[in-house]
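Notes for the structure review
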Amino acid sequence: MAAITMSNIVKKYGDGFPAVNDVSLDVQDGEFMILVGPSGCGKSTLLRMIVGLEDITSGEMRIGDKVVNTVAPRQRNLSMVFQNYALYPHLTVFENIAFPLRLAKTPDEEVRRRVTETAGLLELTEHLERKPANLSGGQRQRVAMGRAIVRQADAFLFDEPLSNLDAKLRGQMRTEIARLQRRLGVTTVYVTHDQTEAMTLGDRVAVLRKGVLQQVGSPRELYEQPVNLFVAGFIGSPSMNFLPASVEGTQLVTPLGRLDLRDPAKAAAAAGREVVLVGIRPEAFEDASLVGADKRATGQTVRARVDVTEWLGNEQFAYVPYEAPADLAAQLRELSRELDGDQLRTQAVVALDAASLIAAGDEAELWVDTGRLHIFDPATGENLTRDEERVAELGRHAERVRLSQRGARQDAPG
Amino acid sequence: MESARSKALWIAVSAVILVWALFPVLWIVMLSFKQPGEIGNVHRFLPKKWTWENYHTVFATDLFTSALINSIGISLIATFVGVVFATLVAYAIARLDFPGKKIILSFALAIAMFPVVSLVGPLFNLWRDIGLYDTWPGLIIPYISFALPLAIWTLSAFFREIPWEMEQAAQVDGATSWQAFRKVIVPLAAPGVFTAAILTFFFCWNDFVFGISLTSTGNARPVPAALAFFSGESQFEQPTTAICAAAVVVTVPVVVIVLLFQRRIVAGLTSGAVKG
């Protein structure tokens, strides 16, 4: 078990394009770190540099207290689960799992004991004599995990391990991975582009964009206190709504209506600017008729025409189209494209209570929780309303959760 | 109705192709069982009297037995050396990025297209000067060089099919490059290696031009060349039946090899390696 320390890591390919640019990241001993970002952001490249399958152009990579920049993958004592599992098709499940042990010349007796133990842990016992070709996707995935955990590696690396599974199985395996990691307490770096995996699995999440690290923090911190437009738009599904607004005193004039800034910190952030982008998460909206009077006072109501509604049983989404100035609309579209989407029109997504009777085409009265809005600088994308106090509090909370989980593991019998 | 008709058509076409391909073989087999004097005198497909005489004759003649040993030895050595080389070259071509990769591949293709006959003359002179004429290496070397391109192309196609991740996984699991190659890549490429080996073996086994031009005695003369030196009982008698018997003897190993390994050749071992 070991910490992984990356300092100013750069990866440049032959054409000089930096796939990973000046990334510094500390993964603590026993921590579950998620690398997330849209396709092509360099997250897989970074993972492959940790394991040694990609050369490091510059910067320093440490595992434990050893610099491993030029150490061959086989000497780094890491184990990895590949996206397509990379099982050895000519070997049985038993031999697949035993492969790292065989290479380490482990005595037969011990190989049998450890493979059986691992197989038991992953419920593969009755499949040990089968070949990978005869297994289902989920079983193959478990074999790949077995091969990773069978030896005492310093860290586990996962490269989008669940992306080839169907949705239901993905959910089950996700829980399984989380349980396994908590139980073994091994340092883990996990690459994904999946929101849910990023939010649920990791102690901390690192968001990458075009090879540059944007923000590292607990899932809550990323969600509540994103540093910039990119992180705000990437974390959360459906995405945060970005509305162009002009500032008039302590009021923001948005396409949906005027919003009062009652929080002095937020008002101060917007002060002195002409145009800002206002970020409001879909769930910060509600059907005004369902909001009680006391709650109503903490926010504000606006009137907007609803274009389409989607009723899902437990919740309901409404789409509110709006007009935006051409330059900002282009910027928002660019952002949406970068986030692997392609938003054709400027529209706000609003999450309503499933009981709401707002219908498509209605001129609806919507309540906005103005305490939860963010203000971004349209030029730099920087979040002007990030609350450092709250960030520190969330950080302490995440650390406490991690330690209590680890404590539970150590106290557990066996 | 439609399917019955198309089935009948399939059967008919297959029958025609089978007859077209197998009739000459059958004819040779029949000839090999006839008495030497029968040919030209008796006009019928089946032998008038079945006899093993021709087989006794060919195995009794030194010309044939030494040629058979030469053929087997030369083909096996050339195949083995050729396939080992081709495996290493193909692996490098499929996996590594190095300058001149394209040139090597196109060169290999150029060699394969080069007419063999145009090389025989110069080789004949060269081999006589350096003492390789009428020796095993004198045949093995040209066989390898002409069989290599085909083997390299076949094998590099096979290696390319094997996902990179296999090797990377092996490396992460603690294997050296050589261990990854031997324990993961070679077993996965086995069908390709067999295919290449069999193709190379057939090429060497069936060669006539080199065999007849670069040998002069039983030292190194392979069977296809030796057949041309068969003579009859008297100058008035053609050795046709004996030649046919010899031809059957050299065809048998080929057929046996194909039957033995066709499963191996066809089997796609890589299925199930990655998501499916």
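Residues numbered from 1 in each chain as written. Chains lettered and ligands numbered in written order. Predicted model: local features only at pLDDT ≥ 70, side-chain atom pairs only at ≥ 80, totals over all residues.

In the annotation of an unreviewed UniProt entry, chain B is listed under the name Trehalose transport system permease protein SugB and assigned to Actinomadura macrotermitis. Annotation of chain B in UniProt includes, under Sequence similarities (unreviewed entry), the sentence "Belongs to the binding-protein-dependent transport system permease family." Looking at chain B in UniProt, the text filed under Subcellular location (unreviewed entry) is "Cell membrane". (UniProt positions renumbered as here; feature names shortened; annotations may be inferred.)

Looking at an unreviewed UniProt entry, one finds chain A named Trehalose import ATP-binding protein SugC, with Actinomadura macrotermitis as its source organism.

Looking only at helices and strands, chain A features twelve helices and 21 strands. For 414 residues, the compact-globule estimate of 2.2 N^0.38 gives 22 Å, and chain A sits close to it at 24 Å. The principal-axis extent of the C-alpha atoms belonging to chain A is close to 75 × 45 × 45 Å. Expressed as a percentage of the 414 residues in chain A, the buried residues total 43%. Considering only intrachain contacts with a sequence separation of at least 6, the fraction spanning at least 24 residues in chain A is 71%. (Helix = DSSP H or I, 4+ residues; strand = E, 2+ residues; numbered from the N terminus. Rg over C-alpha atoms; globule rule 2.2 N^0.38 Å. Buried ≥ 20, exposed ≤ 12 C-beta atoms within 10 Å, placed from the backbone. Contact = placed C-beta atoms within 7 Å.)

With 22 residues of chain B in contact, the opposing surface of chain A contributes 25 residues. Those elements that provide at least two residues to the side of chain B that touches chain A are helix 7 (164-172) and helix 8 (177-206) of chain B. At six residues, the largest contribution of residues to the side of chain B that touches chain A is made by helix 7 of chain B. Residues belonging to the side of chain B that touches chain A are distributed by class as follows: eleven nonpolar, eight polar and three charged. (Nonpolar A, V, L, I, M, F, W, Y, C, P; charged D, E, K, R; others polar.)

Let's shift gears to the domain arrangement of chain A. Partitioning chain A into structural domains gives domain 1 (4-224) and domain 2 (238-386). For domain 1 of chain A versus domain 2 of chain A, the separation of C-alpha centres amounts to 38 Å. (Domains from an automatic or database assignment.)

End to end, helix 8 of chain B covers just 37 Å across 30 residues, shorter than the expected 44 Å (1.5 Å per residue, more than 12% under). Where helix 8 of chain B bends most, the angle comes to about 60°, and this point is Ala190(B), followed within four residues by the proline Pro191(B). (Expected span 1.5 Å × (residues − 1). Bend = angle between axes of the 7 residues up to and from the residue.)

A word on the UniProt feature "transmembrane region" (unreviewed entry) in chain B. Residues and elements named next belong to chain B. Per the UniProt record, "transmembrane region" (unreviewed entry) is found at residues 9-30, 67-91, 103-127, 139-159, 180-203 and 240-261. End C-alpha atoms of residues 67-91 are separated by 35 Å, and the span's content is 100% helix alongside 0% strand. Taken end to end, residues 103-127 is 88% helix and 0% strand, and its two terminal C-alpha atoms sit 28 Å from one another.

All right, on to the packing of helix 4 (residues 137-149) of chain A against helix 5 (residues 167-184) of chain A then. All names here are of chain A. For the pair helix 4 and helix 5, interaxial distance at closest approach is 11 Å and the crossing angle is 15°. With respect to each other, helix 4 and helix 5 are oriented roughly parallel. You can see that helix 4 and helix 5 cross each other, and the crossing is right-handed. Of the residues in helix 5, those touching helix 4 at Gly137, Gly138, Gln141 and Ile149 are Leu169, Met173 and Leu184. Across the contact of helix 4 with helix 5, the residue classes break down as four nonpolar, three polar and no charged. (Axes fitted to C-alpha atoms, helices over the stretch in contact; angles between N-to-C directions. Parallel < 35°, antiparallel > 145°, perpendicular 65-115°, else oblique. Left-handed = near helix turned anticlockwise from the far one by under 90°.)

Moving on, we get to the nonpolar core. Nonpolar side chains in soluble globular proteins tend to end up buried together. Ranked by size, the top nonpolar core spans 153 residues in total, and within it Leu157(A) and Val189(A) carry the most contacts. In terms of residues, this core owes the most to one element, helix 8 of chain B, which gives twelve residues. Both of domain 1 (4-224) and domain 2 (238-386) of chain A provide at least three residues apiece to this core. Apart from the residues within four sequence positions on either side, Val189(A) is in contact with Ile4(A), Val27(A), Met33(A), Leu35(A), Leu47(A), Ile50(A), Ala155(A) and Leu157(A). Among the nonpolar cores identified, the runner-up in size contains 14 residues, and Val58(B), Ala242(B), Cys244(B) and Ala246(B) belong to it. (Core = buried A, V, L, I, M, F, W, Y, C linked by C-beta atoms within 7 Å.)

Taken residue by residue, a regular strand's side chains alternate between the two faces of the sheet. All names here are of chain A. The buried fraction of strand 9 (residues 204-209) amounts to five of the six residues, a majority that puts the element mostly inside the structure. In this structure, strand 3 (residues 32-36) lies alongside strand 9, joined through four bridges in parallel fashion. Across the sheet, Val36 pairs through a bridge with Val207, a residue of strand 9. Of the pairings in the sheet, the one linking strand 9 to strand 10 (residues 212-217) comprises five bridges and is antiparallel in character. Paired with Val207 across the bridge in strand 10 is Gln215. Hairpin remark: strand 9 followed by strand 10, antiparallel, with two residues in the connecting loop; positive phi at Lys210, about 50°. (Pairing = 2+ DSSP bridges.)

Residues and elements named next belong to chain A. Pairing is mixed across the open sheet formed by six strands, whose spatial order is 6-7-8-3-9-10. Whereas interior strands pair on both sides, the edge strands pair on one side only; in this sheet they are strand 6 (78-81) and strand 10. Along the sheet, successive strands turn relative to each other by an average axial angle of 20°, direction set aside.

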